[in-house]
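Examination of the molecular architecture
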Amino acid sequence: ATSTRTHRSAAEPPPHHLSLMSLESRRAKSARGRRFLAQREPKLVENPRTALLARGQKSSAVVNELLTDLFCLKKPHAKHFRRHNAVHPWEDATPLEFLCQKNDASLFGFGTHSKKRPHNLVLGRCFDHRILDMYEFGVEASAAMAGFARGAGGGASGEAKPLLQFNGDGWENVVE
């Protein structure tokens, strides 16, 4: 089954006969609804990206610790779900898209653990509350931020920039 695209002239109506006026704006009936829609409108200076960090049905202590550290790095602009979620991002992304829309998050991190994929971390981006791309990482070794001594309490400062280091033959050998 192949599909062919045809070029339409400007005089022809758009597919499904949608009018641009109905898509252009939504009107709220209450003041609360107007404030909500005003927050979601495009802005000249966008708000910082919010990250959603969640656990899968099963997650290991390594993955939980890593999600907590990512939350601490992104803290004012992050939501951390500590309960397990029945979400499988590679099979059906709609529950994850719903969570991102509900929490107004454009970045997400999802941690799971299974026999086939131990200590698995999925990081991704959303655009218009739809998943744009996802990357899957297998965590082999992780050091918690609390293990690094900073004064008496340990951890890292809020001004520190995160570092991701990629090692291995796949990252070092470039075939041209």
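Cut-off values and rules
Residues numbered from 1 in each chain as written. Predicted model: local features only at pLDDT ≥ 70, side-chain atom pairs only at ≥ 80, totals over all residues. Heavy atoms only, no water. Helix = DSSP H or I, 4+ residues; strand = E, 2+ residues; numbered from the N terminus. Buried < 20%, exposed > 50% of the residue type's maximum accessible area, 1.4 Å probe, protein only. Lys, Arg positive; Asp, Glu negative; His and termini not counted. Salt bridge = Lys/Arg side-chain N within 4 Å of Asp/Glu carboxyl O. Polar contact = N/O pair within 3.5 Å; in protein donor to acceptor, adjacent residues only side chain to side chain. Core = buried A, V, L, I, M, F, W, Y, C linked by side-chain atoms within 4.5 Å. Contact = heavy atoms within 4.5 Å. pLDDT = per-residue confidence, 0-100. Arc of directions from axis to C-beta. Pairing = 2+ DSSP bridges. Axes fitted to C-alpha atoms, helices over the stretch in contact; angles between N-to-C directions.

**Comments concerning the side chain of arginine 55**
When you line up the elements, arginine 55 lands in strand S1 (residues 51-55). Buried and without a salt bridge, arginine 55 has glutamate 65 as its closest oppositely charged side chain, separated by 10 Å. A polar contact of 3.2 Å, which involves the side chain of arginine 55, links it to the side chain of asparagine 64.

**Side note on the pattern of salt bridges**
A complete count under the given rule lists three salt bridges for this structure. The shortest N-O distance in the salt bridge between aspartate 133 and arginine 125 comes to 3.0 Å. By relative accessible area, which is 17% here, aspartate 133 ends up buried. Taking relative accessible area as the criterion, arginine 125 reaches 37% and is therefore assigned partly exposed.

**Thoughts on the nonpolar core**
The biggest cluster of nonpolar side chains holds 12 residues, and these are Leu52, Ala54, Val87, Leu96, Leu99, Cys100, Ala105, Phe108, Phe110, Val122, Cys126 and Met134. Elements with a minimum of two residues in this core: S1, helix H4 (94-102), strand S3 (107-112) and strand S4 (120-127). By residue number, the principal contributor to this core is H4, which donates three residues. Once residues lying within four places of it in the same chain are set aside, the contact partners of valine 87 are Pro95, Leu96, Leu99 and Phe110.

**Observations concerning the side chain of asparagine 85**
Residue placement: asparagine 85 occurs in the loop between strand S2 (78-84) and H4. In this view, asparagine 85 contacts Ala54, Arg55, Gly56, Gln57 and Phe110; residues no more than four positions away in its chain are not counted.

**Section: the confidence of the model for the protein chain**
Averaged over all residues, the pLDDT of the protein chain is 78; the fraction at 70 or higher stands at 76%. Predicted confidence is poor over residues 1-24, with pLDDT under 50, and the contacts of this stretch with residues over four places away or in other chains come to four contacts.

**So, H4**
Residues of H4 that are buried: Leu96, Glu97, Leu99 and Cys100. Each buried residue of H4 lies within a common arc of 160° when the element is viewed along its axis, so the set occupies one face. Residues of H4 that are buried make contact with S1, S2, S3, S4 and strand S5 (130-138). After H4 finishes, the residue aspartate 104 shows a positive phi value of roughly 50°.

**Here's the deal with the sheet that holds S5**
Here five strands make up an open sheet; going across it, the order is S2-S1-S3-S4-S5 and the pairing mixed. Only two strands of the sheet have a single partner each, and these edge strands are S2 and S5. Neighbour-to-neighbour, the strand axes of this sheet turn through a mean angle of 15°, independent of strand direction. The sheet contact formed by S4 and S5 spans eight bridges and is antiparallel. Pairing of cysteine 126 across the sheet is with isoleucine 131, part of S5. Across the sheet, helix H3 (residues 61-73) is in contact with S1, S2, S3 and S4; its angle to S1 comes to roughly 165°.

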